[in-house]
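Spelled out from the first residue to the last, the chains are:
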Amino acid sequence: MANVDILPESQPILYSYWRSSCSWRVRIALNLKEIPYDIKPISLIKSGGEQHCNEYREVNPMEQVPALQIDGHTLIESVSIMYYLEETRPQRPLMPQDVLKRAKVREICEVIASGVQPLQNLIVLIHVGEEKKKEWAQHWITRGFRAIEKLLSTSAGKFCVGDEITLADCCLVPQVFNARRFHVDLRPYPIILRIDRELEGHPAFRAAHPSNQPDCPPEAAK
């Protein structure tokens, strides 16, 4: 375990937006590790976006979600947060022991978190404009999914890397949701679809789903 002061009596607070895939990744990881936490909703659209207010800028200078207050610290960036959870709470591991498999998990996480999701993020789509945003998002998601499907062809077992759930799965499922939201044709990606189907009923993934969040609008809930 990393040399970090863990304060179990202080429940973590996750600053989250119901449809944010980055927030969703962290919710899944917290659920899988059975870490109780409170959610503080941050609307990315209300009043021009609550993430831009002075109060939240003190929490996250990037004016994005998620942010996690835990162990007396505030952490930002979803992948960094998930690694922190893994290193400080190694029970119910979300990283394999094998060094190559760990690299494969990081590989898939980075392709999604750095190469796909930021290019169809809200702030980018606003800049692209209403008329072009769907085509733009479809282009970059399709490009990323072609690469991910190829990577999974050599790494996947039941899940993204082997037969145990890892941080790669935490990143993949929200991105599949985004792909559907932008009407990406997913038929060319059978491995991605199979893994997503495998995980959709898992309690930790189901609880983290946008439709089950306290700030999900009633019309969007399943």
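It should be emphasised that the depicted structure is a prediction, and the values quoted were computed from it without experimental measurement. (Residues numbered from 1 in each chain as written. Predicted model: local features only at pLDDT ≥ 70, side-chain atom pairs only at ≥ 80, totals over all residues. Heavy atoms only, no water.)

### Description of the UniProt feature "domain: GST N-terminal" (unreviewed entry) in the protein chain
Mapped onto this numbering, the UniProt entry gives "domain: GST N-terminal" (unreviewed entry) at residues 10-93. Here residues 10-93 runs as 35% helix and 19% strand, with 22 Å between its end C-alpha atoms. (UniProt positions renumbered as here; feature names shortened; annotations may be inferred. Helix = DSSP H or I, 4+ residues; strand = E, 2+ residues; numbered from the N terminus.)

### Points about the pairing of strand 4 (residues 73-76)
In this sheet, strand 4 lies alongside strand 3 (residues 67-70) in antiparallel orientation, the contact comprising 4 bridges. What sits directly across from Leu68, in strand 4, is Leu75. Counting the residues that bridge the hairpin from strand 3 to strand 4 gives 2 residues, and of these Asp71 lies at a positive phi of roughly 55 degrees. (Pairing = 2+ DSSP bridges.)

### A look at the state of the cysteines
Scanning the model with the defined rule gives 0 disulfides in all. With no disulfide of its own, Cys171 lies 3.8 Å from the sulfur of Cys109, the closest cysteine sulfur. Note on Cys171: relative accessible area 1%, which makes it buried. (Disulfide = S-S within 2.5 Å. Buried < 20%, exposed > 50% of the residue type's maximum accessible area, 1.4 Å probe, protein only.)

### Re the UniProt feature "domain: GST C-terminal" (unreviewed entry) in the protein chain
The UniProt feature table records "domain: GST C-terminal" (unreviewed entry) at residues 98-218. Annotated as residues 98-218, this span is 65% helix and 0% strand, and its ends, taken at the C-alpha atoms, are 44 Å apart.

### Some remarks on the domain arrangement of the protein chain
As assigned here, the protein chain comprises domain 1 (12-89) and domain 2 (97-205). Using C-alpha coordinates to define each centre, domain 1 is positioned 20 Å away from domain 2. Between domain 1 and domain 2 lies a buried interface of about 1,700 Å² when both sides are counted; carbon and sulfur atoms form 71% of it. The largest per-residue losses of area from domain 1 upon contact with domain 2 belong to Trp24, Arg25 and Tyr83, which jointly make up 33% of the total buried on that side. Counting across the domain 1 and domain 2 interface gives 0 salt bridges. (Domains from an automatic or database assignment. Buried area = accessible area lost by both parts, 1.4 Å probe. Salt bridge = Lys/Arg side-chain N within 4 Å of Asp/Glu carboxyl O.)

### Thoughts on the environment of Leu186
Here Leu186 is to be found in the loop between helix 7 (167-181) and helix 8 (190-199). Considering only alpha carbons, one finds Leu186 and Phe145, 41 residues apart in sequence, at a separation of 8.7 Å. Non-local contacts of Leu186, meaning those with residues more than four positions away in its chain, are made with Phe145, Val176, Ala179, Arg180 and Leu193. (Contact = heavy atoms within 4.5 Å.)

### Here's the deal with the nonpolar core
In terms of nonpolar packing, the biggest core is built from 56 residues, with Leu85, Phe145 and Leu167 touching the most fellow members. For this core, the elements supplying multiple residues, two or more each, are helix 1 (21-32), strand 3, helix 3 (78-88), helix 4 (99-116), helix 6 (133-155), helix 7, helix 8 and helix 9 (203-208). Here this core gets 8 residues from one element, more than from any other, and that element is helix 7. Lining this core are residues from two domains, each supplying at least three of them: domain 1 (12-89) and domain 2 (97-205). In this structure Phe145 touches Gln175, Val176, Ala179, Leu186, Tyr189 and Ile192, once residues within four positions along its chain are discounted. Among the nonpolar cores identified, the runner-up in size contains 10 residues, and Tyr17, Ile42, Leu44 and Tyr56 belong to it. (Core = buried A, V, L, I, M, F, W, Y, C linked by side-chain atoms within 4.5 Å.)

### Describing the layout of surface pockets
In this structure, the largest pocket encloses a volume near 880 Å³. Around the largest pocket, the lining is made up of 40 residues, and of these Leu44, Gln117, Asn121, Leu122 and Ile123 lie nearest the centre. Counting only elements with at least two residues in the lining of the largest pocket, the list comes to helix 1, helix 3, helix 4, helix 5 (122-128) and helix 7. The element contributing the most residues to the lining of the largest pocket is helix 5, with 5 residues. Class assignment for the residues of the lining of the largest pocket results in 17 nonpolar, 15 polar and 8 charged. (1 Å grid on protein atoms, 1.4 Å probe; cavity = no way out; pocket = protein on both sides within 12 Å on 5 of 7 lines; lining within 4 Å. Points joined across faces, edges and corners; volume = space filled by probe spheres on them. Nonpolar A, V, L, I, M, F, W, Y, C, P; charged D, E, K, R; others polar.)

### Topic: the pairing of strand 1 (residues 13-16)
As judged from the 4 bridges shared by strand 1 and strand 2 (residues 38-41), these two strands associate in the parallel manner. What sits directly across from Leu14, in strand 2, is Ile39. The parallel pair strand 1 and strand 2, bridged by helix 1, forms a crossover whose chirality is right-handed. Relative to strand 3, strand 1 is paired through 3 bridges, and the arrangement is antiparallel. Across the sheet, Tyr15 pairs through a bridge with Ala67, a residue of strand 3. (Right-handed = clockwise from strand over helix to strand, strands pointing away.)

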